[in-house]
Amino acid sequence: MAGHLIVMSVDAMVFEDLEILKHCKNTARLLKNGALIERMHTIYPSLTHPVHVTCMTGCYPDKTGVYSNEHFVLGELNPPWYNSLSDVKTETIFHAAKKAGLTTAACRWPVTANGDDVIDYLVPEIMDADLDGDLQSVYARLGSGRIIEDIVKPNLSMLDGNKRPQYDAFEIKCAADIIKKYKPNLLFTHPGLVDHTRHETGLFNDQVTDALYTVDNWLGELFRAAEEAGIADDTDFVMMADHGHLSVCRVLCPNVFLAEEGLIRTSEDGSLFSWDAYIKTSGLSGMVYLRDPSDCALSARIEAFLRKLAADQIYGIGEVLNREEAATRYHLAGEFSFVVESDGYTAFCDDWRRPVLREQNPKDYRYGMSTHGHMPEKGPQPTFLAMGPDFLKGAVLEKGEIVNVAPTFAKVLGLTLPYADGKPFTELLQR
């Protein structure tokens with residue numbers, strides 16, 4: 001059993017990317033000496049923050065309580081994100097490690113902010129809304145105070161707000177410094193450059209290729225840090241991803257249709273003042289909230305209306321799931337009553353005011369040239385590579401469930417996750 005586990009989650013890296021990465025020095029090392037799951041079936045909706053919660057709990061969204069990137073705030077087009085560890089309703093691998101006396105670190109891993117009571121070395125995910133003071137104080141407030149002076153502060157000059165690739169380069173540098181100085185038993189880090197580039201430029205292109213080369217260099221930094229720390233031979237390395245992307249050709253506002261049906265009511269200036277139903281969108285899907293979910297007549301009316309929109313095949317909605325269908329098919333449950341899935345090429349915007357169609361905006365993940373949030377069986381799939389004392393060299397699985405990732409991490413560290421829905425990938429392990 002290895003004494004250390006280093007996990008780099010490359011946001012939106014898909015199996016097809018390995019055609020490029022297999023020619024890159026560091027990823028090629030993983031492919032040659034490790035195990036591979038070609039395509040991972042992620043959760044629904046396929047969104048960064050809910051998926052990363054699943055990857056540290058082994059639980060589906062109906063247990064974790066994190067089923068969207070953003071909280072539902074009626075009429076708020078840019079609501080706050082789920083990002084605090086306290087948002088998670090189940091115990092995480094960090095809690096299990098703490099109980100077992102292991103040391104842990106997280107560098108920009110989603111939904112770990114303010115989690116320094118169980119994460120020893122925490123460089124938190126900083127959302128744009130958090131940038132309300134000098135950076136050092138922001139990181140001290142949301143992260144681990146014990147590493148502000150020796151890890152975070154020396155690297156802050158690398159940052160330009162939350163711009164990439166600077167943000168990711170800072171994160172990887174902090175992770176490498178933590179490995180060299182503190183040698184944690186578990187470290188999670190999450191560069192978002194590939195996802196960011198796909199949102200801005202599309203699914204496959206030269207810019208994405210360049211981003212993949214950069215990610216491979218970051219993987220090399222983590223390898224070198226472990227070698228300098230003298231723990232490389234006692235470390236399992238994982239390079240994985242959370243979700244894929246689908247190409248998008250238009251952005252549409254489904255709440256406009258609810259407003260024109262009289263389900264959202266506005267004042268003369270267009271502001272929302274009363275409602276019966278509202279769609280909180282998430283890129284290629286949306287969750288439909290009802291003012292009174294116990295009103296059976298209203299619920300039936302909304303469901304019939306949404307299914308008509310889907311049947312007409314012109315409103316961007318490809319499928320409608322009611323509460324029971326979402327729970328049964330995807331272990332997805334929350335305060336919403338329905339889920340609407342995109343037709344596969346339409347992204348959704350929250351706005352309830354015309355125009356119905358909006359320009360694509362690569363600066364917002366929901367409205368980029370490609371995006372996600374869609375049903376996990378669609379499109380290119382995320383991939384998973386692992387190398388180290390606990391993983392079988394040359395083991396390959398064609399498919400795997402992402403809910404099994406956290407139990408696998410727990411097993412190689414000698415931990416248990418009693419509430420997990422998933423099971424370890426024993427086919428990839430030495431024992």
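Higher on the page you've got the structure.
Let us look at the structure shown here. Please read these numbers as outputs of a predicted model, since none were measured by experiment. (Residues numbered from 1 in each chain as written. Predicted model: local features only at pLDDT ≥ 70, side-chain atom pairs only at ≥ 80, totals over all residues. Heavy atoms only, no water.)

1. Description of the pairing of strand β12 (residues 285–290)
Of all the 6 residues making up β12, 6 are buried; the element is thus mostly covered by neighbouring parts of the structure. Burial along β12 is two-sided: S285, M287 and Y289 facing one way and G286, V288 and L290 facing the other are all buried. As judged from the 5 bridges shared by strand β11 (residues 277–281) and β12, these two strands associate in the antiparallel manner. Among the inter-strand pairings, I279 is bridged to a residue of β12, identified as V288. Where β11 hands over to β12, the hairpin turn is made up of 3 residues, of which G283 adopts a positive phi near 75 degrees. (Buried < 20%, exposed > 50% of the residue type's maximum accessible area, 1.4 Å probe, protein only. Helix = DSSP H or I, 4+ residues; strand = E, 2+ residues; numbered from the N terminus. Pairing = 2+ DSSP bridges.)

2. Re unusual backbone geometry
In this structure, the amide linkage connecting Y44 to the following residue, P45, adopts the cis form with an omega of -5 degrees. Structurally, P45 is set in the loop between β2 (35–41) and α3 (48–57). In this structure, P355 follows R354 across a cis peptide bond, with omega equal to 10 degrees. Summarising the element assignment, P355 is placed in the loop between β15 (346–348) and β16 (357–358). Even without being glycine, R108 reaches a positive phi, approximately 60 degrees. Secondary-structure assignment places R108 in the loop between β3 (104–107) and β4 (121–123).

3. Some details on the packing of aromatic side chains
Scanning all chains against the criterion turns up 17 aromatic pairs. Put simply, the rings of Y67, F72, Y82, W275, Y278, Y289, F336 and W352 touch in pairs and so form one group of aromatic residues. When the ring centre of F223 is taken as reference, the NZ or CZ atom of R29 above it lies at 4.3 Å. Of note, R108 hangs over the ring of Y167, and the distance from its end group to the ring centre comes to 4.7 Å. (Phe/Tyr/Trp six-rings, centres within 6.5 Å; stacked < 30°, edge-to-face > 60°. Lys NZ or Arg CZ within 6 Å of the ring centre and 35° of its normal.)

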